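# Coordinate inspection notes
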Amino acid sequence: MAKIFPSLLSADFLNLNEELSNLEAAGVDGVHFDVMDGQFVPNISIGIPVLEAVRRGTSLPIDVHLMIESPEKYIELFAESGADMISVHVEATPHIHRVIQQIKNAKKKAGVVINPGTPVETILPVIDMVDYVLVMTVNPGFGGQAFIESTLTKLKQLSSVKSANNLTFDIEVDGGINDKTVEKVIENGATMLVAGSYFFGHQNYDDAVKQLRG
Ligand code: DX5
Ligand code: ZN
C-alpha cells in the first residue's frame, strides 16, 4: 500500500498544531514539508523556525523537500531542526553525490528529486545511494497545479530500473495527486504519495486518506 504524506503547504498555518493532530488521527504516514528559496523556484515558502515548530507538534516522520539552490549549505541545519527525510533536486547542485552523502552522514533518509523536464538518466549514478526518488509530477513552486501526464513514462522507467537492480527505494510523487490521478501513478510504480490541495480540501482527513488509498 502506498504511503501518504500530506503537503503542509496547503495546511492552515494559523492552526498547525490542530492540523498535525488531525493528520495523526487520520493515519497518514508522515508529513511533507516544502522549502522554497525564491531562486530555484519562483516562490518562497517556509523554513527552519516552522520546521522546528512542526517537529514539536508531531511524532510523524517529516519529509523535507528542498527546492533551494546550493542545498549542500543547509543539510546539517535541516537535519538538526527536525527533518527525518531530506530530498534534494538533481538540478539544484553540481554535487548531488556529495549532498546525498551529507544527508546519510546526518543519519537521515536521503531522497533525490527530478523535475518534469529532467530525465531519469540524470540520477542513475546515485540511484543505489538513496532511500527514495521523488518524481515531480508538476513543476515545483506552487500547490494546486495540474498533473503532468508525461511523468508517467518516467515513473515506469524508474520502476524498471528498480526491479532490474533489486533496489528497494521508494518512488514518491508530488504535484496534482488526487482521486483521478492516484490510480495511474500507483500503476506505474509510485509507493509514496504527496498530496496538498486535494488532501487539505477535505473537511475530514479520514475521507482524504480513504480516497487516496482507493
Ligand atoms: C510543489 C510542492 C508540492 C505541493 C503539492 O512545488 O512541492 O509539495 O504542495 O501541491 P498539490 O498536491 O496541490 O499539487
Ligand atoms: Zn513538495
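Under the annotation held in an unreviewed UniProt entry, the chain carries the name Ribulose-phosphate 3-epimerase and is attributed to Staphylococcus lloydii. UniProt, in its Function (unreviewed entry) section for the chain, records the words "Catalyzes the reversible epimerization of D-ribulose 5-phosphate to D-xylulose 5-phosphate." Among the UniProt annotations of the chain, the heading Catalytic activity (unreviewed entry) holds the following wording: "D-ribulose 5-phosphate = D-xylulose 5-phosphate".

As annotated by UniProt and renumbered to match this structure, "binding site: substrate" (unreviewed entry) occupies Ser7, His65, Gly141, Phe142, Gly143, Gly144, Asp174, Gly175, Gly176, Gly196 and Ser197. Checked against the lining of the largest pocket, the annotated residues just named reduce to Ser7, His65, Gly141, Phe142, Gly143, Gly144, Asp174, Gly175, Gly176, Gly196 and Ser197. With respect to the helices and strands, serine 7 occurs in the loop between strand 1 (3-6) and helix 1 (16-26). For serine 7, the residues in contact, after removing those within four places along its chain, are His32, Asp34, Val194, Ala195, Gly196 and Phe200. Here glycine 176 lies in the loop between strand 7 (170-174) and helix 6 (182-187). Each residue touching glycine 176, except ones within four places of it in the same chain, is listed here: Val138, Gln145, Phe147 and Thr181.

Let's shift gears to the coordination of the zinc ion (ligand 2). Donor atoms from the polypeptide that coordinate the zinc ion (ligand 2) comprise His32 (NE2), Asp34 (OD), His65 (ND1) and Asp174 (OD), at 2.0 to 2.3 Å from the metal. Around the zinc ion (ligand 2) sit six donor atoms, and with donor-metal-donor angles ranging over 70 to 170° the site reads as octahedral. Mapping the donors of the zinc ion (ligand 2) onto the primary sequence gives the spacing H-x1-D-x30-H-x108-D. Residue aspartate 34 is found in strand 2 (residues 31-36), and its partner histidine 65 is found in strand 3 (residues 62-67); the two are separated by 31 residues along the sequence. Look at aspartate 34 and you get buried, because its relative accessible area is 4%. With relative accessibility at 0%, the residue histidine 65 sits in the buried group.

What counts, and at which threshold
Residues numbered from 1 in each chain as written. Chains lettered and ligands numbered in written order. Predicted model: local features only at pLDDT ≥ 70, side-chain atom pairs only at ≥ 80, totals over all residues. Heavy atoms only, no water. UniProt positions renumbered as here; feature names shortened; annotations may be inferred. 1 Å grid on protein atoms, 1.4 Å probe; cavity = no way out; pocket = protein on both sides within 12 Å on 5 of 7 lines; lining within 4 Å. Helix = DSSP H or I, 4+ residues; strand = E, 2+ residues; numbered from the N terminus. Contact = heavy atoms within 4.5 Å. Donors = N, O, S within 2.8 Å, 3.2 Å for Na, K, Ca; no water. Tetrahedral: all angles 85-135°; square planar, octahedral: opposite > 155°, others 65-115°. Buried < 20%, exposed > 50% of the residue type's maximum accessible area, 1.4 Å probe, protein only.

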